[in-house]
Amino acid sequence: MSNKNVQVTLANRPTGWVQESDFKIVETDIPKPAAGQVLVKNLYLSLDPYMRGRMNAGPSYAANVAIGDVMVGRTVGEVVESSNSNFTAGETVAAYLGWQQYALSGGADLQKVDAKAVPLTAYLGAVGMPGLTAWWGLLDIGAPKAGETVVVSAAAGAVGSIVGQIAKLKGCRAVGIAGGKAKCDLVVSEFGFDACVDYKGGNLAKDLRAAAPKGIDIYFENVGGIVLETVVMQLNPFARIPFCGLISQYNEPRPHGLDNFVMLLMNRVKLQGFIISDYAPRSAPAIAELAGWVREGKIKYRETIANSLEDAPRAFIGMLKGENIGKQLVKLF
Ligand SMILES: NC(=O)c1ccc[n+]([C@@H]2O[C@H](COP(=O)([O-])OP(=O)(O)OC[C@H]3O[C@@H](n4cnc5c(N)ncnc54)[C@H](OP(=O)(O)O)[C@@H]3O)[C@@H](O)[C@H]2O)c1
């Protein structure tokens, strides 16, 4: 083992678009576990849109990253040294250990994961936080019924690609919205959606009406802005909106509002924001079901993997701009 630990810390709070210079790559010594602690070698890091919010100073649902601190992030890795009787070297774990190669943990925050059940990286994607977000948002808030039409934005991404596949498993028509023809083709051919609309194609309203001719019963919202405004005009009475994210707004100093808000009243729409961590205590059955679907090939997933921690800032910015397909990860060794 090399005796250095590469970390990525927050150097500046961005205003508007995040820049690579907002991060700093630092090297520290690998820490030694004290009594009760374990040392984890992080093998993969997940890059997620919520991290953009943690770079801000303003209020949020979770603590922001302080300037100079290691960036927050979920990892999968291996216990390499343990002074905690609940863990032994060689066990694989998932945890929020941040943008770094090695980290200490007291154990309470570590989720033991079985890399023989599904590939280790799936615990950061289809069987991890994004998969759970799709599962809870669609099934708990969306409450889909067979025959309904489910539309999801960012459909080629980590959450969206799973939402559409669960919608299909529940007997719904699944329609994706994604950026570009190549992504839309993949959403249909690989993830099995019934249709996918390219929001960059210039005819979103018309193309969406053609893809969802009976109107929209559930809109799983990942992006906000113009896409949301367009979808709202095509919602059916009593439609549901699991309000998951607003990625088109995260780098905007002046967020876009919703001009046609009144349509939510006219159509008696239920819109509910949710944060996946609220579901954590109840997630074991959801993890088991997602893992089963992955093993049986009922849910497919894609990964875009950056090659080193030094590449993480560039890959993070790329993900916010849509350069990823499926789950954006970083390989740390
Ligand atoms: N509420 C929760 O607890 C929770 C948990 C996880 C994720 N989320 C939210 O879920 C959403 C998706 O997250 P993810 O991890 O699955 O990311 P992702 O979809 O894998 O990656 C982000 C995607 O957003 C799309 N995008 C970027 N800018 C856009 C714009 N201006 N308009 C439309 N689409 C844009 C890009 O796809 P295109 O190329 O198609 O534009 C990009 O690939 C995010 O809003 C995230 O914050 C919420």
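Bear in mind that the values here come from a model prediction, so they are computed numbers and not experimental data.

Parameters at a glance
Residues numbered from 1 in each chain as written. Predicted model: local features only at pLDDT ≥ 70, side-chain atom pairs only at ≥ 80, totals over all residues. Heavy atoms only, no water. Core = buried A, V, L, I, M, F, W, Y, C linked by side-chain atoms within 4.5 Å. Buried < 20%, exposed > 50% of the residue type's maximum accessible area, 1.4 Å probe, protein only. Helix = DSSP H or I, 4+ residues; strand = E, 2+ residues; numbered from the N terminus. Near = heavy atom within 4 Å. Polar contact = N/O pair within 3.5 Å; in protein donor to acceptor, adjacent residues only side chain to side chain. Areas by Shrake-Rupley, 256 points an atom, 1.4 Å probe, with all protein chains shown as cover. Nonpolar A, V, L, I, M, F, W, Y, C, P; charged D, E, K, R; others polar. Pairing = 2+ DSSP bridges. Axes fitted to C-alpha atoms, helices over the stretch in contact; angles between N-to-C directions. Contact = heavy atoms within 4.5 Å.

**Some details on the nonpolar core**
If you look at the biggest cluster of nonpolar residues, it comprises 72 residues, and the most contacted ones within it are Trp99, Leu138, Ile166 and Phe316. Sort the elements by how many residues they give to this core and helix H2 (residues 129-142) lands first, with eight residues. By size, the runner-up hydrophobic cluster in this structure holds 21 residues, among which are Ile177, Val197, Leu204 and Leu228.

**Here's the deal with the site of the ligand**
Every one of the 27 residues lining the ligand counts as a neighbour, but Lys183, Tyr199, Tyr250, Ile276 and Asn324 are closest to it. Between the ligand and the protein, one listed contact pairs an oxygen atom with a side-chain N or O atom of Lys183 at 2.6 Å. Computed on the free molecule, the ligand has an accessible area of 900 Å², of which 90% lies beneath the protein chains in the complex. Listing elements by their share of the shell around the ligand, those giving two or more residues are H2, helix H3 (158-169) and helix H9 (312-320). In the shell around the ligand, the residues fall into 17 nonpolar, nine polar and one charged.

**Quick look at the sheet that holds strand S8 (residues 149-153)**
The strand order across the open sheet formed by six strands is S10-S9-S8-S11-S12-S13, and the pairing between neighbours is parallel. Both edges of this open sheet fall to strand S10 (195-198) and strand S13 (270-273), since each of them pairs with a single strand only. Averaged over all pairs of adjacent strands, the angle between strand axes in this sheet comes to 15°, irrespective of strand direction. Sheet topology note: the strand S9 (residues 173-178)/S10 ladder contains four bridges and is parallel. When the sheet's bridge partners are listed, Ala178 is paired in S10 with Asp198. Most of the contacts of H3 go to S8, to which it runs at about 170°, and overall it touches S8, S9 and strand S11 (216-220). Across the face of the sheet, helix H4 (residues 181-189) comes into contact with S9 and S10 while running at roughly 170° to S10.

Function cannot be read off these values alone, since they describe shape.
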